[in-house]
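A closer look at the structure
As a plain string of letters, each chain reads:
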Amino acid sequence: MRTRFRDRRHSLLSLLRTRLLTDAYWLMAFRMFLSVPSFPGARYTARRLANLYLGRLEVWRGRTRLRSRPIKLNVEATNICNLECPACFTGVGENGRARSHMSLELYRKLLDELGPYLFQVELHNWGEPLLARHLVPMIEEAHRAGIQTTLSTNFSFPFTAERAEAIVRAGLDVFGVSIDGARQETYEQYRRGGKLDTVLANCRLMRDAKRRLGSATPLLIWEFHVFSHNTDDIERARALAADLEMGIAVVKGWVAGPEWDVERRFGYFADSSPFPCSYLWHHAIVNNDGGVAPCCGTFYREDDMGRVATATGEEGNPTFREVWNSDRFQTARRFFNERSGSAADHEHICFECPTTKLWERYRAHVAAGGTFHTFSGAHSANDTFNYFWNRRPTGSEARRRRV
């Protein structure tokens, strides 16, 4: 068996074995394997935990066809948005797929199939979730199934106390609000078309609804994306967040083009590390039209891995599992065993992805005698963003509007 793994040279398990005595990577990976992720509000069942460990084992073994299901699901409740943010495909007016709301029929189909395995459902991707037609029942049904629910909103539109109470009663766990400034003149530089006073008033409605209903949830989070123009607003934002009974997450925002914070005074939400892509084994993205994306960075339907159909005779697969183990998903996972293939494989969005290439560099580093702690080939979140931002899939008719 060892000879077979060595000959294949693409098994993650084999890679870990070869460094067992000389590299601390195996110890870190083993601790990660045993750890239980934190999803407050989720119900930790035996089936969910068994699926979690099965999925991790399949990553370790370099499996491309999976028995495990994703533990997290992103659903695009709607891909419609009211703002024109300059580093967002929707915001700059690109057309990756038809604008619409996800149907309850499709959402329920996904929950029926995946719900027993999921710890979390996120209800946003490229659109504004609070504009979605079926948002409240989506939250309610996931909450009843014992799944943590989260969303992120720009919150810059008319809102009411009644709607705030409906969201609290539905059982939402985390309510993130993107507010990139504490003054209108700084806020609007990225949230183009947004009104800071409206956003803050709406946050008060959510705070007050929680008070009236005596609810600890949803956790309200001020999401402050730092850019060169708003660094002076951070402390004022912290004070405003405290008054609104919101937590605050201050993270660096990515931009089209070179890194703006060359001194690295601020950190991204997550730094890159040499690990196989979590989206390909653990985290699924389903768009409003049923298209299943490889990750949250992709926008165009031409890059979808497949589509979940909701009716007999409709384009797509009858189950999510068939898409999860489709040729395109298996090809993407294979790149983490060996990054090679046909000309068609080279056109696959995952082939040139920075995460795929990082893992390839790390494997070569280890094969040459290096260790996890001596590896320095990581990229930034800004590099990853720019890969997706600048790429166009073959067959796409989309063109970016100049901003």
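Keep in mind the model is a prediction, meaning the values are calculated, not measured. (Residues numbered from 1 in each chain as written. Predicted model: local features only at pLDDT ≥ 70, side-chain atom pairs only at ≥ 80, totals over all residues. Heavy atoms only, no water.)

Things to note about the overall build of the protein
Our working rule: Think of it this way: any DSSP run of H or I at least four residues long counts as a helix, any run of E at least two long counts as a strand, and we number them from the N terminus. To get the radius of gyration, use the C-alpha atoms; to get the globule rule, take the number of residues to the power 0.38 and multiply by 2.2 Å. Summary of the burial criterion: residues with accessible area below 20% of their type's maximum are buried, those above 50% are exposed, and those between are partly exposed, where the area comes from a 1.4 Å probe applied to protein chains only. We call two residues in contact when some of their heavy atoms are within 4.5 Å. Residue burial considers only the protein chains on display, and all accessible areas are found by Shrake-Rupley using a 1.4 Å probe.
When you go through the protein residue by residue, the secondary structure sums to 16 helices and 9 strands. Its C-alpha atoms give the protein a radius of gyration of 22 Å, within 12% of the compact-globule value 22 Å for 403 residues. Considered along the principal axes of its C-alpha atoms, the protein spans approximately 65 × 55 × 45 Å. Counting across all 403 residues of the protein, residues that qualify as buried make up 53%. Here the analysis covers contacts within the protein between residues at least 6 apart in sequence; of these, 71% occur between residues at least 24 apart. By element, 52% of the accessible surface of the protein is carried by carbon and sulfur atoms, the whole surface being about 18500 Å².

Remarks on the packing of aromatic side chains
Stated precisely, the cut-off is as follows: Between 30 and 60 degrees the pair is tilted, below 30 it is stacked and above 60 it is edge-to-face, where a pair is any two Phe, Tyr or Trp rings, Trp via its six-membered ring, whose centres lie within 6.5 Å. We call a charge positioned above a ring when the Lys NZ or Arg CZ atom is no farther than 6 Å from the ring centre and deviates by at most 35 degrees from the ring normal.
The tally for this structure, following the rule as stated, stands at 26 aromatic pairs. Ring centres of Phe33 and Trp60 lie 5.3 Å apart, and the angle between their planes is 50°; on these two criteria the pair is classed as tilted. Residue Phe33 is found in helix α3 (residues 25-34), and its partner Trp60 is found in helix α4 (residues 46-60); the two are separated by 27 residues along the sequence. Of the two residues examined, Phe33 and Trp60, each falls in the buried class. Measuring from centroid to centroid gives 6.3 Å for Phe275 and Phe372, while their planes differ by 55°, and the two rings are tilted. One end of the pair, Phe275, is in the loop between β6 (247-252) and α11 (278-281); the other, Phe372, is in the loop between α15 (354-367) and α16 (381-390), and 97 residues separate them in sequence. Through a chain of ring-to-ring contacts, three or more aromatic side chains come together here, namely Phe89, Trp126, Trp254, Phe299, Tyr300, Phe385 and Trp389. A cation sits over an aromatic face here: Arg333 above Trp324, 4.8 Å from the ring centre. Of note, Arg339 hangs over the ring of Phe351, and the distance from its end group to the ring centre comes to 4.3 Å.

Concerning helix α10 (residues 234-243)
Stated precisely, the cut-off is as follows: Arc definition: directions from the helix axis to the C-beta atoms.
By the burial criterion, the buried members of α10 are Ile234, Ala237 and Ala241. All buried residues of α10 fall inside an arc of 55° around its axis, so they share one side. Residues of α10 that are exposed and point more than 90 degrees away from the buried face comprise Glu235, Ala239 and Ala242. For α10, the elements touching its buried residues are β5 (219-226) and β6. In the stretch just after α10, Glu245 is the one whose phi turns positive, near 60°.

Some details on the confidence of the model for the protein
To keep things clear, this is the line we draw: Residue-level confidence of the predictor, termed pLDDT, takes values from 0 up to 100.
Taken as a whole, the protein shows an average pLDDT of 91; of its residues, 91% reach a score of 70 or greater. Note that residues 14-22 has pLDDT below 50 and, in this model, 18 contacts with residues that lie over four places away or in other chains.

Topic: helix α5 (residues 104-114)
Of the residues making up α5, those classed as buried are Leu104, Leu106, Tyr107, Leu110, Leu111 and Leu114. Around the axis of α5, the buried residues are gathered within 165° of arc, so they sit on the same side. Packing partners of the buried residues in α5 comprise β1 (72-75), β2 (120-122), α6 (135-144), β7 (283-286) and α12 (320-324).

As for unusual backbone geometry
Cis peptide bonds are those with omega within 30 degrees of zero, and the linkage from Thr217 to Pro218 qualifies with 5°. With a phi angle near 60°, Phe155 is a residue other than glycine that sits in the positive phi range. Within the fold, Phe155 resides in the loop between β3 (148-153) and α7 (161-170). Residue class for Phe155 comes out buried when judged on its relative accessible area of 0%. Unusually for a residue other than glycine, Arg264 sits at a positive phi of about 55°. Topologically, Arg264 is positioned in the loop between β6 and α11. With a relative accessible area of 70%, Arg264 lands in the exposed category.

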